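Secondary and tertiary structure notes
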Amino acid sequence: MSRCSLVRFLLPAVLMLGSVPPPVSGCDRICGAQAPGDIIIGVLLSFNRKVAALYERTAPESFKCSDFDMISFLHSLSIIHEIEKVNAAGFIPGLKLGYMVCDTCSYASKALENVEHMLTVNMSKTENCGHKDFRPAVKAILGARYSEVTIAVARLLSIYQLPLVSASSSSPDLSDKTRFTSALRTVPSDVHQTKAVAKIMDYYHWNWVGVVYGDDDYGKAAFQSFQKNAEKNNVCLAFQEVVPHYLGHQNSNRRIQEVAEQIRASAARVVLLILKEELVELLFKEMIRTNTSRVWIASDAWSRNRAVAHMEDINLVGDILGFSFVAHQSDSLDEYLQNLTVAPGGYNNFIEQYKNFRFNCSSECFSSARPSYCPTILQQEESRYACSTDDPQGQNDDYLVKYMDSSNVFSDRIAVWAIAHAIRNLLKCNASGCSGEINFPPWKLLQELKKVEFQFEGEDCFFDENGDFVNGYDLLRWETEGTHRKFTRTGRYHVLDGKIEMVKSGVTWITTGQSATPQSKCSESCPQGSFKKILNVSCCYSCTLCLEGTYSDETDLADCKPCPNGTWSLKGWSQCERRRESFLQWRKPYPIAMVSAAVFGILLLVYTLAVFLVHRDSAPMRKAEVRLSCVMMAGLAVSFGSVICFMGRPSLYLCQARQVMYAMGFTLCVSCILIKAYRTFLAFLPFGRLTSRRLYKIYKPPIIISVTVALQAIICLLWLIFDSPDIDDTPPSPQSMKKVIQCKEGNTFFGFGIMLSYIALLALFGFLLAFKGRKVPQEFSETGYIIFSMLMYLFVWVCFIPIYITNNEERTPVQASAILVSTYGIIFCHFLPKCYEVFWGSPTDTMTRILRRWRNNGDSSSSERATHADLNASTQSMAPNTVVTISEQSSNSSLADSGIMPSIYDERKDSFQGFSRSGTQLTKRQRSRSF
């Protein structure tokens, strides 16, 4: 059967239902309030909170509703009042708006029954295939209050394209115009509300929260929307619990207890409640019973609920924040609420029911299933009103103004005016009348509704492409007022730009007892200098210190920021700084000490030079060889000068100069020491004639010194050409904020190593030669001083090598210190002892005594027993050079000139006498002379 055939088959039956006479008994008024008019507006509200005995309903009987809902009653009164204001103002000239108000009992099926009733009253018959000319008396419907009911009604009305304008249903599903083509609303979608909730959580740095929502369409859709927005704002769910939305559900109380236990067990201190106000009351009673305090985020369904705000011990549950639709107070509405009357020609069962409860003390208020508002009314007003037998319908008071929030019906008032503007536009009304057809099909009104734009009490009113208002939300804080709570507006959420505007700050939180914001985090905040290392979920993490070269200047950063160019940071730093330059600055203590030591050394050399020159004819100075000593002093002075080049900011020329100065100066000094050691080696050690002659031929001090220094000069020249010292460009250590500016001794350190090795080789040769002549009396040579000074030099530089290699940042002071120590070692070993001998040495050390001491020392050695005083003719067969041989008489003058022989030959006469007295005879040879 085709769709059109089906419609033709069913439509007569539907029309017959509309043409039947009014039913008898209690069914004659399916809707509880009605007023006549040229154009009828339907109203669907949940005047009762639930359908009684729903599980026991087995036949299609009338629904029995219970628990009168004061909030829905207030909404209905505001709608009726605005309709009457439209009529009184003549906004639609010559026409009057009527209304039909029905109770949905918070149940979708009951709402559909009401819609069926609205659509069948006085319905005109049509035979067309479709509903384009469908003209019911009810041209538009306001409602319903809950999204669950609105969604069901919207599906049905989409068939007829009859406008459905809700002032409180905020489910995101209603924005889907492919499913709900005729559904409009004067409030934003929950998509925006959940964005606002997620942003306020991010604003207060709450990232570990719980969510409790109902299992109806409103709760499910809002929860899914919140999940998406929470993830975008780095908010994680500690738990999510679902409770039955139907108040008469057999498992409601058990689920409420389970949810309460989950809340108590969770570490989350912030809980979002997407529930009806009745379920919130049940949950809060459980929280109060167990003295559980949290921060509660209220959805628009209960964010302005006075019944919850006036619960007993409501202050024990903690802080309550919530988003509500934009609200405005109306003086005319408050006046109407204090003088409730029924429109002429109409009726209002809901006003009658309220007045019976209010003024006649209905027995329902004292039953076990009494409405929740009854105890509050009687408790608050028992001193003013007693149960009376007078007609309650003639009585009025200010209870609805004082104890109900009349500003919360602002969206209902806007909805009435939106429909009025659409009708005015559709009928082409002017100041005198309307020219359009009054009995218009509803779909034409729907087209006009989508286009209306007007201002109402300072608010811009229009529907977006999804049929939603985008006027934003008020952020409310439930502040304590005695034993109850009051609603205080602390901010506003703007839908268009997605920003929260805070208008009140510095509040005192109940859960903390101070202005400090309560914390609700899975992990403690990561301080500056660290970042979050995510564990299982994005909100649970461990704090890890930022690595070198990165920083974090905020808490809870997901990653550390790299340092800008030219700056650096150490591990765990919250900022980057420029590395401080490190070199031997002149004003620092260590460079001052080094320079002072170098200058003092130079002055000491100058003083020593003066002493040597003044006392050059004394025996110690002749033995020290003044000329060689002066050359040594010159080399040491150059070495001291190189130490000064180590100070200050390094440059290419300073890096080259200090190494060359040290190399040449110290090589010159060590070459002179080598000459002294070699001279002693030649003069006092026994050799054959041929060997002595050959060794003596190469004893040319000026040539030896020149050659050794020239070789070092060649090494330095090649070093400067092929691997020159330069400024070290090695990057600083990542663990250091110190940028060491120092010289690099070439890329390979090959030239530097050869230079030092060459000096060490000369020192080693000098040490070996001196060591061979270690038994020569100190009065004849300086072998002891040479040995000690060369050992000191070698020791210093052997220690220098590992320190220099391993301590990269301290190479400059290490080398400067090594130069100073080795240079001072030579001064103290070679020059100061001579100065001591000059000033404080004994002048009685004649050659006789010197030789006698040498002989006595020789007596204790088996290798020199031949020098005993018993040198007679019978022992002449022994080698003549078993004691000491001074080679080749022809060279005696040269040795004398070198500083050894003059002291011997000058005292020759005394020496021979000494030997004669001790019984020692002198054996002469043609080419040599032995003592």
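Scroll up for the structure.
Residues numbered from 1 in each chain as written. Predicted model: local features only at pLDDT ≥ 70, side-chain atom pairs only at ≥ 80, totals over all residues. Heavy atoms only, no water.

A separate point is the pattern of salt bridges. Going through the model one piece at a time under the given rule, you end up with 28 salt bridges. Taking the shortest distance from any N to any O, the salt bridge between Arg145 and Glu277 comes out at 3.0 Å. Here Arg145, found in the loop between strand E6 (138–143) and helix H4 (147–160), pairs with Glu277, found in helix H8 (residues 277–289); they are 132 residues apart in sequence, far enough to count as distant. Take Arg145 and Glu277: they sit in the same class, and that class is buried. Glu554 is the partner of Lys561 in a salt bridge, and the nearest nitrogen-oxygen pair spans 3.8 Å. Relative accessible area serves as the criterion here: at 41%, Glu554 is assigned to the partly exposed category. (Salt bridge = Lys/Arg side-chain N within 4 Å of Asp/Glu carboxyl O. Helix = DSSP H or I, 4+ residues; strand = E, 2+ residues; numbered from the N terminus. Buried < 20%, exposed > 50% of the residue type's maximum accessible area, 1.4 Å probe, protein only.)

The N-to-C vectors of helix H23 (residues 783–806) and helix H24 (residues 811–840) enclose an angle of 175 degrees; their axes lie 9 Å apart at closest approach. If you check the angle between H23 and H24, you find them roughly antiparallel. Here the residues of the contact of H23 with H24 are counted per class, giving 18 nonpolar, 5 polar and 3 charged. (Axes fitted to C-alpha atoms, helices over the stretch in contact; angles between N-to-C directions. Parallel < 35°, antiparallel > 145°, perpendicular 65-115°, else oblique. Nonpolar A, V, L, I, M, F, W, Y, C, P; charged D, E, K, R; others polar.)

Counting buried positions along strand E2 (residues 39–45) gives 7 out of 7 residues, so the element sits mostly inside the fold. Burial of the side chains of E2 extends over both faces: Ile39, Ile41, Val43 and Leu45 are buried on one face and Ile40, Gly42 and Leu44 on the other. Inspection of the sheet shows E2 paired to strand E5 (residues 97–103) by 7 bridges, in the parallel sense. Bridged to Leu45 within E5 is Asp103. One ladder, built from 5 bridges, connects E2 with E6; its direction is parallel. Along E6, the bridge assignment pairs Ile41 with Ala140. (Pairing = 2+ DSSP bridges.)

Moving on, we get to the state of the cysteines. Applying the stated criterion across every chain yields a total of 9 disulfides. Paired through a disulfide, Cys546 and Cys560 show a sulfur-sulfur distance of 1.9 Å. Its torsion about the S-S bond being -85 degrees, the disulfide of Cys546 and Cys560 is classed as left-handed. Of this pair, Cys546 sits in the loop between strand E21 (541–545) and strand E22 (550–551) while Cys560 is found in the loop between E22 and strand E23 (561–562), placing the two residues 14 residues apart along the sequence. A sulfur-sulfur separation of 1.8 Å characterises the disulfide bridge that pairs Cys655 with Cys743. Judged by the sign of its S-S torsion, about -80 degrees, the cystine formed by Cys655 and Cys743 is left-handed. With Cys655 in helix H19 (residues 652–684) and Cys743 in strand E27 (residues 743–744), this residue pair connects regions lying 88 residues apart in the sequence. (Disulfide = S-S within 2.5 Å.)

Any functional reading would require information that these geometric values do not contain.
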